[in-house]
Amino acid sequence: MTRSRAWATVWTVLRLAMAAVTVTAITAQMAKSIGTATELGRDVTTTVVNFFSFFTILSNALAAIVLIWAAVWYFTRGRKAVAEPPVLALALACVSTYMIITGIVYNALLRGITLPQGSEPIPWSNEVLHLIGPLFLLADVFVGPLRRALPWRSLWAVVAFPILWVAYTMIRGPLITNPVSGDPFWYPYPFLNPNNPGGWPSVLVYVIGIAVAIVAVGAFVLWWGRRSGATDTDAPAAAPAAAWVPSSALSD
């Protein structure tokens, strides 16, 4: 079913819709954060940079970009393809992993906790970014059309961004004054703040645990893609079959 033209078209339209909803949710929350910072005389530049330092925001923004990319590729070049291009397949595997992790971590550790994003969360935006988006990308792993099987070495690329994000967060944290509380540090999530009870040992435990989860989810995404996706060797096999299809049908 996931390789039929009809299903590919339907799911691609849903990808575009999800991207639009995600961009709207990010924009709404950012506008509220900036508005609150302006109203209370906080540093707006720091507020904006902090906003885009949340893994949730970055993963959702990347997911929206990749979903739009996938839709543009399908409608311009992909309707007769056997599988998506390798670089697009890798991008989809990456954002699927990040969004699934976002959903797991938020709903397991952070739901009900107010994060230091500069303003109260907008309820509908919060649910889009932490629940609806992750569930959509999880579904995309299973039913996304024209999936390509990727080599296992792709897992290195999948985990690269979270590693860089953690390094950025821990280096930047003690260099930033919290615009809300005035503390001489700022970390997007409480479990990454070594100034909280538990200190660095607690931070290391959480980092290691989430790293294991990212590797596990990334490996699962790649495994499922290898199980159900097409490979380059499938393309020649599909060519003779296409020769039997009337040219009028291919032009639909």
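Scoring rules and cut-offs
- Residues numbered from 1 in each chain as written.
- Predicted model: local features only at pLDDT ≥ 70, side-chain atom pairs only at ≥ 80, totals over all residues.
- Heavy atoms only, no water.
- Helix = DSSP H or I, 4+ residues; strand = E, 2+ residues; numbered from the N terminus.
- Expected span 1.5 Å × (residues − 1).
- Buried < 20%, exposed > 50% of the residue type's maximum accessible area, 1.4 Å probe, protein only.
- Bend = angle between axes of the 7 residues up to and from the residue.
- Contact = heavy atoms within 4.5 Å.
- Axes fitted to C-alpha atoms, helices over the stretch in contact; angles between N-to-C directions.
- Left-handed = near helix turned anticlockwise from the far one by under 90°.
- Nonpolar A, V, L, I, M, F, W, Y, C, P; charged D, E, K, R; others polar.
- Salt bridge = Lys/Arg side-chain N within 4 Å of Asp/Glu carboxyl O.
- Parallel < 35°, antiparallel > 145°, perpendicular 65-115°, else oblique.
- Phe/Tyr/Trp six-rings, centres within 6.5 Å; stacked < 30°, edge-to-face > 60°.

> Just give me the short version of helix α4 (residues 86-110), but keep the residues and values in it.
In this model, α4 (25 residues) spans 35 Å end to end at C-alpha, consistent with the 36 Å of a helix rising 1.5 Å per residue. The element α4 is extensively covered by neighbouring structure, given that 18 of its 25 residues are classed as buried. Two residues or fewer after α4 comes Gly-112, characterised by a positive phi angle close to 95 degrees.

> So what about helix α5 (residues 123-143)? Which residues, and what values?
Look at α5: 28 Å from first C-alpha to last across 21 residues, which is about the 30 Å you get at 1.5 Å a residue. Along α5, the sharpest change in direction is near 40 degrees and occurs at Leu-129. Looking at α5, one finds that the buried residues are Ser-125, Asn-126, Val-128, Leu-129, His-130, Gly-133, Pro-134, Phe-136, Leu-137, Asp-140 and Val-141. Packing partners of the buried residues in α5 comprise α1 (5-39), α3 (55-78), α4 and α7 (199-228).

> Provide a residue-level description of the packing of α3 against helix α6 (residues 154-172), including the pertinent values.
Close contact between α3 and α6 brings their axes to 12 Å; oriented N to C, the two are set at 145 degrees. The chirality of how α3 crosses α6 is right-handed. Of the residues in α6, those touching α3 at Phe-55, Leu-58 and Leu-62 are Phe-161, Pro-162 and Trp-165. Within the contact of α3 with α6, the residues separate by chemical class into six nonpolar, no polar and no charged.

> How would you sum up the pattern of salt bridges? Please name residues and give values.
For the coordinates displayed, the defined rule picks out four salt bridges. Two residues, Arg-147 and Asp-140, come together in a salt bridge whose shortest N-O distance is 2.4 Å. Here the two residues Arg-147 and Asp-140 agree in accessibility, since each one is buried. Each of Arg-15, Glu-84, Asp-140 and Arg-147 takes part in one network of salt bridges that share partners.

> Any chance you could break down the environment of Thr-114 for me, citing the residues and the numbers?
Take Thr-114: it is sitting in the loop between α4 and α5. When the C-alpha atoms of Thr-114 and Pro-190 are compared, they prove to be 9.9 Å apart, with 76 residues separating the residues in sequence.

> Can you explain the packing of α6 against α7? Please cite residues and give values.
The N-to-C vectors of α6 and α7 enclose an angle of 155 degrees; their axes lie 9 Å apart at closest approach. When the axes of α6 and α7 are compared, the pair comes out roughly antiparallel. Between α6 and α7 lies a crossing of right-handed hand. Counted together, Ser-154, Leu-155, Val-158, Val-159, Pro-162, Val-166 and Met-170 of α6 and Trp-200, Val-203, Val-207, Ile-214, Val-215, Gly-218, Ala-219 and Leu-222 of α7 form the full contact between these two elements. In terms of residue class, the contact of α6 with α7 is built from 13 nonpolar, two polar and no charged.

> Go over the packing of aromatic side chains, please, and point to the residues and values.
Per the stated rule, a full pass over the model turns up 18 aromatic pairs. Ring geometry for Tyr-98 and Phe-161: centres 5.4 Å apart, planes at 45 degrees, overall tilted. Of this pair, Tyr-98 sits in helix α4 while Phe-161 sits in helix α6, and the two are 63 residues apart along the sequence. The exposure class of Tyr-98 is buried, given its relative accessible area of 3%. For Phe-161, a relative accessible area of 23% puts it in the partly exposed group. Each member of the aromatic cluster is reached from another via a ring pair, and the members are Phe-54, Phe-55, Tyr-98, Phe-161, Trp-165, Trp-186, Tyr-189, Phe-191 and Tyr-206.

> Tell me what's going on with unusual backbone geometry, and back it up with residues and numbers.
The backbone phi angle of Leu-146 is positive, close to 55 degrees, even though this residue is not glycine. Judged by its relative accessible area of 6%, Leu-146 is buried.

> Residues and numbers for the environment of Ala-70, please.
Mapped onto the secondary structure, Ala-70 falls in helix α3. Considered as a pair, Ala-70 and Thr-12 are 58 residues apart in the sequence and their alpha carbons are 7.6 Å apart. Every residue in contact with Ala-70, bar those within four places of it in the chain, is listed here: Arg-15 and Leu-88.

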